Amino acid sequence: MNEHTGDIDRLAVMLHESSRIVVFTGAGISTESGIPDFRSPGGLWTKYQPIEFQDFIASEEKRRESWRMKFATESVLADAKPNKGHQAVADLYQQGKLARVITQNIDGLHQISGIPATKIVELHGNATYAKCLDCGKRYELAEIKRQFLQNEIPPVCNVCNGFIKTATISFGQPMPVLEMQEAESETLNCDLFLAIGSSLVVYPAAGFPRLAKQNGSKLVIINRDETGLDDIADLVLHQEIGISLATAVKKSLN
Ligand SMILES: [Zn+2]
């Protein structure tokens, strides 16, 4: 048995023994679906300067630039499919073991993998649709795109005239209060906290695994590189995510 097999077997046992698992996911789970980590070198945000929330609010030109950028890059998200890692998390849901997915990702791939939206907390929102910043009305991107490409006028809400923005949390935008509360309460109630594909250095998100561990949960980290919390974890796998997690979930059923 090599070292990797041993770690996957240990994870399988922990999955088997757990009944309220929180799965926390970062960009690393989705890079295996071809979605670049937007913050990494070569990522989209090094090519397109991200627009800060205050600038989006203050400037029509910034809103226009934001929508241009959105439609120039949308195919990356539109073409992406869930991979083995997402599917393994969905399998935990099917087994009734998944308390909640808490994700930093904005790609909607957990939903597409078959996990209901009510089981997913999106800390940074969702880039696959848009919302009015004032009344929260949802807008589909196809509808906005059709109008925007005609005149490049940044869209406003047809109910309240508020600015429409992709439903993501931008730089400078406050973290969503309800989502943060839900994430915290699930973290306090879980018996296994599985942190996948996140470097666990960006707060407040990185506080959740620490909180889980302090509250008596086991903590497992799967990430290609070292993370900020490797030293407090019960098990750390520096391995490819999809195949490792899929293997462990399958073994946990035996
Ligand atoms: Zn509105």
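Note that this is a predicted model, so its numbers are computed, not measured.

S.K.: Residues and numbers for the coordination of the zinc ion, please.
M.R.: Only Cys132 (SG), Cys135 (SG), Cys157 (SG) and Cys160 (SG) from the protein reach the zinc ion as donors, at distances of 2.3 to 2.4 Å. Considering all four donor atoms around the zinc ion, angles at the metal cover 96 to 118 degrees and the coordination shape is tetrahedral.

S.K.: I'd like to hear about the packing of helix 6 (residues 84–94) against helix 11 (residues 241–252), residue by residue, with values.
M.R.: As a packed pair, helix 6 and helix 11 sit with axes 7 Å apart at the nearest point and diverge in direction by 25 degrees. Considering their axes alone, helix 6 and helix 11 lie roughly parallel with respect to each other. In the crossing of helix 6 with helix 11, the sense of the turn from one axis to the other is left-handed. Across the interface between the two elements, Lys84, Gly85, Ala88, Val89, Asp91 and Leu92 of helix 6 pack against Gly242, Ile243, Leu245, Ala246 and Val249 of helix 11. Counted by class, the contact of helix 6 with helix 11 contains seven nonpolar, two polar and two charged residues.

S.K.: So what's going on with the sheet that holds strand 6 (residues 164–168)? Residues and values would help.
M.R.: On the basis of which strands lie adjacent, the open sheet formed by three strands has the order 5-4-6 and antiparallel pairing. This sheet does not close on itself; its edge strands, each paired only once, are strand 5 (138–139) and strand 6. In this sheet, strand 6 lies alongside strand 4 (residues 125–132) in antiparallel orientation, the contact comprising five bridges. Following the sheet pairing, Gly125 is matched in strand 6 by Thr168.

S.K.: Lay out helix 11 with the relevant residues and their values.
M.R.: The terminal C-alpha atoms of helix 11 lie 16 Å apart, and with 12 residues this matches the ideal 16 Å at 1.5 Å per residue to within 8%. Along helix 11, the residues classified as buried are Ile241, Gly242, Ser244, Leu245, Ala248, Val249 and Ser252.

S.K.: How would you sum up the nonpolar core? Please name residues and give values.
M.R.: In this structure, Leu11, Leu15, Val89, Leu194, Val220 and Leu245 are the most contacted members of the largest nonpolar core, which totals 26 residues. Counting only elements with at least two residues in this core, the list comes to helix 1 (3–17), strand 1 (21–25), helix 6, strand 2 (98–103), strand 7 (192–196), strand 8 (218–222), strand 9 (235–237) and helix 11. Residues within four places of Leu194 in sequence aside, it is in contact with Leu11, Leu15, Ile21, Val22, Val23, Phe24, Val220, Ile222 and Leu245. In terms of nonpolar packing, the next biggest core, distinct from the first, is built from 20 residues, Ile102, Met180, Leu200 and Phe208 among them.

The rules behind the values
Residues numbered from 1 in each chain as written. Predicted model: local features only at pLDDT ≥ 70, side-chain atom pairs only at ≥ 80, totals over all residues. Heavy atoms only, no water. Donors = N, O, S within 2.8 Å, 3.2 Å for Na, K, Ca; no water. Tetrahedral: all angles 85-135°; square planar, octahedral: opposite > 155°, others 65-115°. Axes fitted to C-alpha atoms, helices over the stretch in contact; angles between N-to-C directions. Helix = DSSP H or I, 4+ residues; strand = E, 2+ residues; numbered from the N terminus. Parallel < 35°, antiparallel > 145°, perpendicular 65-115°, else oblique. Left-handed = near helix turned anticlockwise from the far one by under 90°. Contact = heavy atoms within 4.5 Å. Nonpolar A, V, L, I, M, F, W, Y, C, P; charged D, E, K, R; others polar. Pairing = 2+ DSSP bridges. Expected span 1.5 Å × (residues − 1). Buried < 20%, exposed > 50% of the residue type's maximum accessible area, 1.4 Å probe, protein only. Core = buried A, V, L, I, M, F, W, Y, C linked by side-chain atoms within 4.5 Å.

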